[in-house]
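# Per-entry structural report
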Amino acid sequence: MSGTSGNKRGLRRLGMSEMRCRAMSNNKQPTTPIVHCITNYVVANFVANGLVAIGASPIMGDEEREVEDLVQLADALSLNLGTVSERTVRSMKLAGEAAVKKGIPRVLDPVGAGATAYRLEAANAVIARARPTLIRCNAGEAAALLGVEWKGRGVDAGTGEVDGATLAKALASKYATTVVISGAVDYISDGKTVLTNLTGHPDMTRVVGTGCLLSSLLAAWLTKDTSLETIQDGMFRYGRAGERAVQSGIGGFSNALLEALIDEEVYTL
Ligand SMILES: Nc1ncnc2c1ncn2[C@@H]1O[C@H](COP(=O)(O)OP(=O)(O)OP(=O)(O)O)[C@@H](O)[C@H]1O
Ligand SMILES: Cc1ncsc1CCO
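Residues numbered from 1 in each chain as written. Chains lettered and ligands numbered in written order. Predicted model: local features only at pLDDT ≥ 70, side-chain atom pairs only at ≥ 80, totals over all residues. Heavy atoms only, no water.

### A short note on the UniProt feature "binding site: substrate" (unreviewed entry) in the protein chain
- Sites flagged by UniProt as "binding site: substrate" (unreviewed entry) map to Met60 and Gly209. Among the residues just listed, Gly209 line the largest pocket.
- By secondary structure assignment, the location of Met60 is in strand β2 (residues 57-60).
- With respect to the helices and strands, the residue Gly209 is situated in the loop between β8 (194-197) and α8 (210-222).
- If near-sequence neighbours (up to four positions away) are discounted, Gly209 is found in contact with Val43 and Phe46. (UniProt positions renumbered as here; feature names shortened; annotations may be inferred. 1 Å grid on protein atoms, 1.4 Å probe; cavity = no way out; pocket = protein on both sides within 12 Å on 5 of 7 lines; lining within 4 Å. Helix = DSSP H or I, 4+ residues; strand = E, 2+ residues; numbered from the N terminus. Contact = heavy atoms within 4.5 Å.)

Written out as structure tokens, the structure is:
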């Protein structure tokens, strides 16, 4: 993916239909990745629409009795602790284990990990069973997972003494995974290297769920490529889509972001 701009809607649509025609002429189904999301009830609709906007196919489902079957249909699993409960923790553990067994990417968004002891405990329980391919969080959540002192409230990022690059590297090492810490600067690390991204806009924090959506988009991207550079490029495009969307004001932001995700070709899935 390269960082081109401009309205690419027409080109993208043509590209997608061309891809579909080519796939059909080869008697193959188009490879739309299915992302199984166990997410929070605040953002579920926004996340589903964002996934569709980038050419993925979402399926939301958190019933214990079916999550393993849903994983069998899926190409990636996105777990989000935003409105976590005992029931959904059980579902996330089962889905996570099934996804490990199947070998598909698993993304965890430990929303509010520092807000309560219960959330931190739930995050660690889910991590142990789902062994995330990638953890996407804000700096406050990263600090909580690392036991680093932090000033923050609820699901907000908050502030602390440790810089984002150090947090990202340490968190990736602690859980042997890839980490994306979002904020004014986004940090992407595998525990050895740290890449950054500077696109985005502070107003993206004035609309609930831009981080949650990002986590599920990452799950979709990982079905194609897991390199840090590709993740960085996706972050670049997502941030730019956000910059465009804030021009529509806070009231129009969510819809504008969906449009911008298509126009920025955030990922040609
Ligand atoms: N100050 C900022 N300047 C530019 N971009 C920002 C800023 N803060 C956040 N962003 C962007 O907003 C998006 C969401 O990141 P954020 O860190 O706010 O997630 P979050 O706290 O998990 O959000 P939520 O819990 O509402 O889903 C990312 O793409 C990030 O780059
Ligand atoms: C506001 C809120 N509360 C729990 S989850 C969520 C969505 C953003 O993380």
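Let's pick the thread back up.
### As for the UniProt feature "binding site: ATP" (unreviewed entry) in the protein chain
- Residues given the UniProt feature "binding site: ATP" (unreviewed entry) here are Arg136 and Ser182. The named residues occupy 47 residues along the chain; their greatest pairwise C-alpha distance, 7.5 Å, places them in one compact cluster. Considering only the residues just annotated, the largest pocket is lined by Arg136 and Ser182.
- Among the secondary structure elements, Arg136 is positioned in strand β5 (residues 134-138).
- Sequence-distant contacts of Arg136, that is, excluding residues within four places in its chain, are made with Leu108, Asp109, Pro110, Val180, Ser182, Gly211, Cys212, Leu214, Ser215 and Leu218.
- Here the side chain of Arg136 touches Ser182 through a polar contact of 2.6 Å, side chain to side chain.
- Mapped onto the secondary structure, Ser182 falls in strand β6 (residues 178-182).
- Leaving out residues up to four positions away in the same chain, Ser182 has contacts with Arg136, Cys137, Asn138, Ala139 and Leu214. (Polar contact = N/O pair within 3.5 Å; in protein donor to acceptor, adjacent residues only side chain to side chain.)

### Topic: the site of ligand 2
- In the neighbourhood of ligand 2, the contacting residues comprise Asn40, Val42, Val43, Gly82, Val111, Val208 and Cys212.
- Most atoms of ligand 2, that is more than half of them, are within 2 Å of grid points of the largest pocket.
- For the shell around ligand 2, a count of residues per class yields 5 nonpolar, 2 polar and no charged. (Near = heavy atom within 4 Å. Sits in = over half its atoms within 2 Å of the grid points. Nonpolar A, V, L, I, M, F, W, Y, C, P; charged D, E, K, R; others polar.)

### Concerning the pairing of β2
- Pairing of strand β1 (residues 34-38) with β2 involves 4 bridges; the strand directions are parallel. Bridge pairing in β2 links Cys37 to Met60.
- Between the parallel elements β1 and β2, the chain passes through helix α2 (residues 44-53) in a crossover that is right-handed. (Pairing = 2+ DSSP bridges. Right-handed = clockwise from strand over helix to strand, strands pointing away.)

### A word on a nonpolar patch on the surface
- A contiguous nonpolar patch, built from Tyr41, Val42 and Val208 and spanning about 380 Å² of accessible area, is present on the exposed surface.
- Tracing the backbone shows Val208 in the loop between β8 and α8.
- Look at Val208 and you get exposed, because its relative accessible area is 61%. (Patch = residues over 30% accessible without salt bridge, like charges linked within 9 Å, V, L, I, M, F, W, Y side chains within 5 Å. Areas by Shrake-Rupley, 256 points an atom, 1.4 Å probe, with all protein chains shown as cover. Salt bridge = Lys/Arg side-chain N within 4 Å of Asp/Glu carboxyl O. Buried < 20%, exposed > 50% of the residue type's maximum accessible area, 1.4 Å probe, protein only.)

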